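Here's the letter readout for the chains.
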Amino acid sequence: MADLFFARAAAAVLIALAPPLATGVAHAQATPAAAPKPAPALKLFADSKIVTRDRISIEIVGKGPDLVLIPGLASSRETWRTTAERLRGTYRLHLVQIAGFAGEPARGNASGAVFDPVLADIDGYITTLPKPPVVMGHSLGGTLGLALAQRHPEHLSKVLIVDALPFFGVVMGGPGATADSLRPMVTRMTSGPVAPMSEAQTRGMMASMATAPADIDRVVAWSQASDPSVVVRAMGDDMLADLRPGLTAVKTPVTVLYETPLAPLMTADYAPLPNKTLVEVPGSKHFIMFDQPAKFDAEVDAFLKR
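Residues numbered from 1 in each chain as written. Predicted model: local features only at pLDDT ≥ 70, side-chain atom pairs only at ≥ 80, totals over all residues. Heavy atoms only, no water.

Draft legend 1. Spatial organisation of the packing of helix H7 (residues 179-190) against helix H10 (residues 228-240). Following both chains from N to C, one finds H7 and H10 inclined at 175°, their axes separated by 9 Å at the closest point. One finds that H7 runs roughly antiparallel with respect to H10. Residues Ala179, Leu182, Arg183, Met185, Val186, Met189 and Thr190 of H7 touch H10, and the partners they reach there are Val232, Arg233, Met235, Gly236, Met239 and Leu240. (Axes fitted to C-alpha atoms, helices over the stretch in contact; angles between N-to-C directions. Helix = DSSP H or I, 4+ residues; strand = E, 2+ residues; numbered from the N terminus. Parallel < 35°, antiparallel > 145°, perpendicular 65-115°, else oblique. Contact = heavy atoms within 4.5 Å.)

Okay, structure coming up:
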């Protein structure tokens, strides 16, 4: 069923709950100090423009109708680089990066809630565009896209969700999970100091999210360059964000691409969504755009034409 996704989430929570001092000491004893790695690039294109807001930054490139792309937890806007390179001739792309992720300074996300303030900042930005844009989001970015469709349907035209559920909490707590049943776990996760994950821990978890070694290296670098506190608080917010009750009222067209292990959860949890297209992508892990690029490109093109 969703065993792989459960394993990833459980590993992240266990690492988040580990005592920071003990984790740091164990890692220091087990491995020699490594040379610092360069932070991920925050600007992908030489001819682009960067707009910086309190909770996000946006890289703008290309010409045409507006298309907003949101990456996932501890991820860089580079998630969407290949898509942006392919579409920049026909769309004006707005590549979001969440403050505190992948080398982006935390700014407003340095304390407190992350999900709702980031959502508000994205919504505030898209309302500056001349027309409601298309929104595409991966993982946490997909959940944010769905939340935009629920709360501000007049501000966007349609949404592509890549491998994200309407309630991430069921992965941690099972099909009967609720925000209330998960709240004690989230409180424990977010109430104390957060231990940064070692590179070995990060690599072990990311190996279940992408297949090619170069892609694993890339997502490991993003995670290592992320602010651990922002990541854990964003994950906690995501665990409590149950969007299922509002699905029946969503009129915005929504397409969901998902990996095969999540098929039972995806079909069940998105069943109440009226205007949906669900597409399973076999042979892929969580980063579908990396593992199955041809299929991903074809599905993005079909979504944009619908």
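Draft legend 2. Unusual backbone geometry, seen in detail. The backbone of Arg107 sits at a positive phi, close to 45°, despite the residue not being glycine. Topologically, Arg107 is positioned in the loop between strand S4 (92-98) and helix H4 (115-126). Positive phi, close to 55°, is recorded for Asp163, a residue that is not glycine. Its location among the elements puts Asp163 in the loop between strand S6 (158-162) and helix H6 (169-173).

Draft legend 3. Region of the structure containing the nonpolar core. Membership of the largest hydrophobic core comes to 59 residues, with the highest contact counts inside it found for Ile122, Leu144 and Ile161. Apart from residues lying up to four places away in sequence, Ile161 is in contact with Gly137, Gly142, Leu146, Val254, Thr255, Val256, Leu257 and Tyr270. The next biggest cluster of nonpolar side chains, apart from the first, holds 36 residues, and it includes Leu67, Ile216, Ile288 and Val300. (Core = buried A, V, L, I, M, F, W, Y, C linked by side-chain atoms within 4.5 Å. Buried < 20%, exposed > 50% of the residue type's maximum accessible area, 1.4 Å probe, protein only.)

Draft legend 4. View of the side chain of Glu299. Mapped onto the elements of the fold, Glu299 is located in helix H13 (residues 293-305). Reaching out from Glu299, the side chain makes a polar contact with the side chain of Lys295 at a distance of 2.8 Å. (Polar contact = N/O pair within 3.5 Å; in protein donor to acceptor, adjacent residues only side chain to side chain.)

Draft legend 5. Up close: the pairing of strand S5 (residues 134-138). In terms of residue burial, S5 counts as a mostly covered element, since 5 of its 5 residues are buried. Every second residue of S5 is oriented toward a common face, with Val134, Met136 and His138 on one face and Val135 and Gly137 on the other, all of them buried. One ladder, built from 5 bridges, connects S5 with S6; its direction is parallel. Residue pairing across strands places Val135 opposite Val159, the latter belonging to S6. Crossover handedness for the path S5 to helix H5 (residues 140-151) to S6: right-handed. (Pairing = 2+ DSSP bridges. Right-handed = clockwise from strand over helix to strand, strands pointing away.)

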